[in-house]
Amino acid sequence: DVYKRQPFNPSTTITFELPRDARVDLSIYDVRGGHVRTVAGGLLAAGHREARWDGRDEAGNAVNSGVYFCRLTACDRTLTRKLVLLR
């Protein structure tokens, strides 16, 4: 399960457990559903995992304060959690 303490500034660590080796996509989206950044992707080994988001988009630009969504797709499941970025 994805766990996040909120709000955060300037970065946050997103933790999750994989029950088995799996192809993972952990991405951040804005409230309109636009892709902001992929923070973890590819084949990952089973176990406890951490990914860090520094409040920046794919181009390295700082994003505005606001609500974002973290979506984890792995092991035939998709989990979404809300993140609140305060600058």
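Above: the structure in question.
Everything numeric here is computed off the predicted structure, so don't read it as measured data.

With 5 of 7 residues buried, strand β1 (residues 12–18) is to be regarded as a mostly interior element. Two elements, β1 and strand β4 (residues 47–53), share 7 bridges in a ladder whose sense is antiparallel. Within β4, the position partnered with glutamate 17 by the bridge is histidine 48.

Turning our attention to unusual backbone geometry. Here the phi dihedral of cysteine 75 falls at roughly 50 degrees; this positive angle occurs in a residue that is not glycine. In this fold, cysteine 75 is placed in the loop between β5 (66–74) and β6 (77–85). In this structure, aspartate 76 takes a positive phi of about 60 degrees despite not being glycine. Following the sequence through the fold, aspartate 76 ends up in the loop between β5 and β6.

A few words now on the environment of alanine 59. Here alanine 59 is to be found in the loop between β4 and β5. The exposure class assigned to alanine 59 is exposed, which follows from its relative accessible area of 65%. Spatially, the C-alpha atoms of alanine 59 and arginine 37 are 8.6 Å apart, while their sequence positions differ by 22 residues.

Counting 21 residues, the largest nonpolar core has Leu26, Ile28, Trp53, Tyr68 and Leu83 as the members making the most contacts within it. Elements that contribute at least two residues to this core include exactly β1, β2 (22–30), β3 (35–44), β4, β5 and β6. If we skip the residues at most four places from it in the chain, isoleucine 28 touches Ile14, Gly34, His35, Val36, Arg37, Val39, Trp53, Tyr68, Phe69, Cys70 and Leu83.

Calculation rules
Residues numbered from 1 in each chain as written. Predicted model: local features only at pLDDT ≥ 70, side-chain atom pairs only at ≥ 80, totals over all residues. Heavy atoms only, no water. Buried < 20%, exposed > 50% of the residue type's maximum accessible area, 1.4 Å probe, protein only. Helix = DSSP H or I, 4+ residues; strand = E, 2+ residues; numbered from the N terminus. Pairing = 2+ DSSP bridges. Core = buried A, V, L, I, M, F, W, Y, C linked by side-chain atoms within 4.5 Å. Contact = heavy atoms within 4.5 Å.

Distances and angles like these do not, on their own, reveal function.
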